[in-house]
Amino acid sequence: MKNDFRSRNHPAYWAFIVHRFSGVLLALFLPLHFWALGQALHGAAALDGFLRWTEHPLVKFAETGLVLLLAAHMAGGLRLLALEFLEWREWQKTLLAAAAGVSLVAGLAFLLNLV
Amino acid sequence: MSQRAQVLLWGAQRISAMVLALCVLVHLLTMIYAVRSGLSAAEILGRTQGSIAWFAFYTLFVFAVAVHAPIGLRTIISESFNWRGRGLDVLTGVIGLSLAMWGMRAVFGVFGAGAA
């Protein structure tokens, strides 16, 4: 059976890609996140030393990306849970758009508060 | 891996996802609120140090992600590299245990275990 790009160029396929991509990146980020918060074991000054690094604009940009990925993974995951566990209803088709919207709102709210 | 074990992994992935959905929602709202006036140790530790509620929340968060992330990675690794078998199961377990221990170290850090 031919499985060319046309069968993949579909919103649900892109949602699948976003969910995988965000999941892998978030999993890779977790050890760094835990290490950073673990600095508190050495006292508040050690944690502040790390947090000063996060004032860098590039780091803020990366943080916003991570918040967007986290929100996208959560919203996309809720969509999957709804598809798997709830009875099919017409509004489930709009879950993709809702998931994308929720992710963007979270990312933007974080960015606006950050800058 | 036996069929029964695969069903168990599938269930664990969904249950941890439900727990994580709530945890991530709280985490997102906390982050958006916390960065308003810049992040500082005083801001973070002022909220978490000595707080049983935040300690319980982050402990639940860490264990849910220590279940969820390895199972997801296992599926992706298995499909991407056509890898199945004992080695993959061991890797999944190691990732989960590492995340749980490394994560709890951070939880104890912000709770105040190392506060001077």
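Residues numbered from 1 in each chain as written. Chains lettered and ligands numbered in written order. Predicted model: local features only at pLDDT ≥ 70, side-chain atom pairs only at ≥ 80, totals over all residues.

1. Details of the overall build of chain A
What counts, and what does not: The secondary structure listing takes helices from DSSP runs of H or I that are at least 4 residues long and strands from runs of E that are at least 2 residues long, numbered from the N terminus. In this description the radius of gyration comes from C-alpha coordinates, and the expected globular size is given by 2.2 Å times residues to the power 0.38. In this scheme the burial state of a residue depends on its C-beta neighbours within 10 Å: 20 or more other such atoms mean buried, 12 or fewer mean exposed, and anything in between means partly exposed; the C-beta positions come from the backbone.
Along chain A, the regular secondary structure elements total four helices and zero strands. In chain A, the succession of helices and strands from N to C terminus is α-α-α-α. Its C-alpha radius of gyration of 18 Å places chain A more than 25% over the 13 Å reference for a compact globule of 115 residues. Seen through its principal axes, chain A has C-alpha atoms that stretch 60 × 30 × 25 Å. Burial analysis of chain A (115 residues in total) assigns 23% to the buried set.

2. Side note on the interface of chain B and chain A
Selection criterion: Contacts here follow a simple rule: the backbone-placed C-beta atoms of the two residues must lie within 7 Å. Three categories are distinguished: nonpolar for Ala, Val, Leu, Ile, Met, Phe, Trp, Tyr, Cys and Pro, charged for Asp, Glu, Lys and Arg, and polar for the others, with Gly belonging to the last.
The interface is formed by 32 residues belonging to chain B together with 31 residues belonging to chain A. Of all the secondary structure elements, the ones that give two or more residues to the side of chain B that touches chain A are α1 (3-34), α2 (41-48), α3 (52-81) and α4 (86-111) of chain B. The dominant element in the side of chain B that touches chain A, judged by the number of residues it contributes, is α1 of chain B, at nine residues. Per-class residue counts for the side of chain B that touches chain A are 24 nonpolar, five polar and three charged.

3. Describing the confidence of the model for chain B
Residues and elements named next belong to chain B. How we decide: The predictor's confidence in any single residue is recorded as pLDDT, a number from 0 to 100.
With 97% of its residues at a pLDDT of 70 or more, chain B shows a mean pLDDT of 93. Considering each helix and strand of chain B separately, the mean pLDDT is smallest for α2, with a value of 92, and largest for α3, with 97. The complex model carries a pTM of 0.92, and its ipTM stands at 0.92.

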